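Take a look at the letters that make up each chain.
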Amino acid sequence: MKFFIDTANLEQIKEAQDMGILDGVTTNPSLMAKEGITGTDNILKHYVDICKIVDGDVSAEVISTDFDGMVREGEALAELHDQIVIKLPMIKDGIKACKYFSDRGIKTNVTLVFSPGQALLAAKAGATYVSPFIGRLDDISTDGLNLIAEIRHIYDNYAFDTQILAASVRHTMHVIDCAKLGANVMTGPLSSIVGLLKHPLTDIGLEKFLADYKKGN
Ligand code: E4P
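Not measured: the values here are computed from a predicted model. (Residues numbered from 1 in each chain as written. Predicted model: local features only at pLDDT ≥ 70, side-chain atom pairs only at ≥ 80, totals over all residues. Heavy atoms only, no water.)

Colleague: I'd like to hear about the site of the ligand, residue by residue, with values.
Modeller: Around the ligand, a shell composed of Asp-6, Thr-26, Asn-28, Lys-87, Phe-133, Arg-136, Ala-167, Ser-168 and Arg-170 is seen. Ser-168 is positioned with one of its side-chain polar atoms (N or O) 2.7 Å from an oxygen atom of the ligand. Between the ligand and the protein, one listed contact pairs an oxygen atom with a side-chain N or O atom of Arg-170 at 3.0 Å. For the ligand, whose free accessible area comes to 340 Å², the fraction covered by protein is 86%. (Near = heavy atom within 4 Å. Polar contact = N/O pair within 3.5 Å; in protein donor to acceptor, adjacent residues only side chain to side chain. Areas by Shrake-Rupley, 256 points an atom, 1.4 Å probe, with all protein chains shown as cover.)

Given below as structure tokens:
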């Protein structure tokens, strides 16, 4: 399972990268705004800065909602760095743009996916990644994890290459459940990754080992 961090915060990306377990980064316009990154030039520079920190795919989302605009933006993003993945919204023109880029060997991530039918379309269009938003489904009392299971089942039926990128992950149990269900990738906040480290018995055990060592040394 690949671990992506879902942030535009360079410090947090560095921290995850330093652990040696980071496989990529996802961003979106809201995450860029949260870091105060505004204006096309600053946004493009920020994507390059992220690519310099992480070894792996970096999803950069288009703002356009029409095919021509998405192609124009996506091509400019793809030229920034070979780690850039073009993130496209799950709308008709987004699917068309996904096909356009996949036909040209440019990686894509179809985002804002909330149903198995949407995921099927993304795979048909040759998406590299499909991003089902599990946390946002949970937020409206719908089982986000069930969506991961349904997409896994459909993709396995037809051996689609599209990777299931479980997005809108909010906590460690989402990560573990997505791993059990066979999601290829998860993207979440740093806390959902670092939280996996924690177990009280690990802390108690380590404390005891160190205390016993000190007694004889
Ligand atoms: C996916 O790529 C999105 O950036 C993200 O996972 C959305 O998460 P949220 O629902 O916590 O905003």
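Colleague: Got a sec to walk through the pattern of salt bridges? Specific residues and values, please.
Modeller: For the structure shown, the criterion picks out 10 salt bridges. Close ionic contact of Asp-49 with Lys-45 constitutes a salt bridge, the shortest N to O distance being 2.8 Å. In this pair, Asp-49 and Lys-45 are both assigned in helix α3 (residues 40-53), four residues apart and thus about one turn of the helix distant. The salt bridge involving Lys-215 is made with Asp-212; its shortest N-O contact spans 3.0 Å. A residue pair is termed a helical-turn pair when its members lie 3 or 4 positions apart in one helix, as Lys-215 and Asp-212 do in helix α11 (residues 200-216) at three residues. Overall, the relative accessible area of 68% leaves Lys-215 in the exposed class. Residue Asp-212 is classed as partly exposed on the basis of its relative accessible area of 32%. (Salt bridge = Lys/Arg side-chain N within 4 Å of Asp/Glu carboxyl O. Helix = DSSP H or I, 4+ residues; strand = E, 2+ residues; numbered from the N terminus. Buried < 20%, exposed > 50% of the residue type's maximum accessible area, 1.4 Å probe, protein only.)

By themselves, these observations are geometric and do not establish any function.
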